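The chain contents come next:
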Amino acid sequence: FDMEKCYGESSALTPFFFVLFPGVDPTPTIEALGRKLDITEANGKLVNISMGQGQETVALNALNKSATNGGWIMLQNIHLMQAWLKQLERALE
């Protein structure tokens, strides 16, 4: 897929969701585009969170920070957090 094209057709109001298959990881592609746009973990504008027990608050704090200051958040393994998805949905509203 062409991440730059997807980004060009997107807006800050709509999150990207990637449905992955074993052996597929979009992280390097997302990080490469982020570097071009000065959105990196080093400058705090990219946050990559591997979801699991105890990461709910970390994710919501990152979401609130990015909503205020701008940036990207990657929530990986979100399928492990089905009970939490309603809270995420409310936060995105």
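Described in the following lines is the structure provided in the data block. (Residues numbered from 1 in each chain as written. Predicted model: local features only at pLDDT ≥ 70, side-chain atom pairs only at ≥ 80, totals over all residues. Heavy atoms only, no water.)

1. Considerations on the nonpolar core
The nonpolar side chains of a soluble globular protein tend to be buried, and buried together.
Inference 1: I49, M51, A59, L60, A62, L63, M81, W84 and L88 form the largest nonpolar core, which has 9 residues in total.
Inference 2: Among the elements that take part in this core, helix 3 (residues 56-69) stands out by supplying 4 residues, more than any other.
Inference 3: Those residues within four positions of A62 in sequence are excluded, and the remaining contacts are V47, I49 and I73. (Core = buried A, V, L, I, M, F, W, Y, C linked by side-chain atoms within 4.5 Å. Buried < 20%, exposed > 50% of the residue type's maximum accessible area, 1.4 Å probe, protein only. Helix = DSSP H or I, 4+ residues; strand = E, 2+ residues; numbered from the N terminus. Contact = heavy atoms within 4.5 Å.)

2. With respect to the side chain of T27
Inference 1: Tracing the sequence through the fold places T27 in helix 2 (residues 27-36).
Inference 2: With a relative accessible area of 8%, T27 lands in the buried category.

3. Points about the environment of L33
Inference 1: Within the secondary structure, L33 is located in helix 2.
Inference 2: Residues L33 and M3 lie 30 residues apart in sequence; the distance between their C-alpha atoms is 7.5 Å.
Inference 3: Look past the residues within four positions of L33 in its chain and what remains in contact with it is M3, E4, Y7 and W72.

4. Examining the packing of aromatic side chains
Inference 1: Counted according to the given criterion, the structure contains 2 aromatic pairs.
Inference 2: Aromatic side chains Y7 and W72 sit 5.7 Å apart centroid to centroid with 55° between the ring planes, which places their arrangement in the tilted category. Highlighted residues: Y7 in helix 1 (residues 3-8) and W72 in strand 2 (residues 72-76), separated in sequence by 65 residues.
Inference 3: By relative accessible area, which is 33% here, Y7 ends up partly exposed.
Inference 4: Between F16 and F18, the ring centres sit 6.2 Å apart and the planes meet at 10°, which makes this aromatic pair stacked.
Inference 5: You can call F16 partly exposed: its relative accessible area is 36%. (Phe/Tyr/Trp six-rings, centres within 6.5 Å; stacked < 30°, edge-to-face > 60°.)

5. A closer look at the pairing of strand 2
Inference 1: As judged from the 5 bridges shared by strand 1 (residues 46-50) and strand 2, these two strands associate in the parallel manner. The partner of V47 across the bridge, within strand 2, is I73. (Pairing = 2+ DSSP bridges.)

6. Points about helix 2
Inference 1: Every buried residue of helix 2 is accounted for by T27, I30, L33 and G34. Axial view of helix 2: buried residues confined to an arc of 135°, hence all on one face. Exposed residues lying more than 90 degrees from the buried face of helix 2 are R35 and K36. (Arc of directions from axis to C-beta.)

7. Things to note about the side chain of S66
Inference 1: Among the structural elements, S66 can be located in helix 3.
Inference 2: Setting aside chain neighbours within four positions, we find S66 in contact with G71, W72 and I73.

8. A word on unusual backbone geometry
Inference 1: Located in the positive-phi region is D38, a residue other than glycine, with phi close to 60°.
Inference 2: Structurally, D38 is set in the loop between helix 2 and strand 1.
Inference 3: In this structure D38 comes out as partly exposed when scored by relative accessible area, which is 47%.
Inference 4: For N77, which is not glycine, the phi dihedral falls at a positive 60°.

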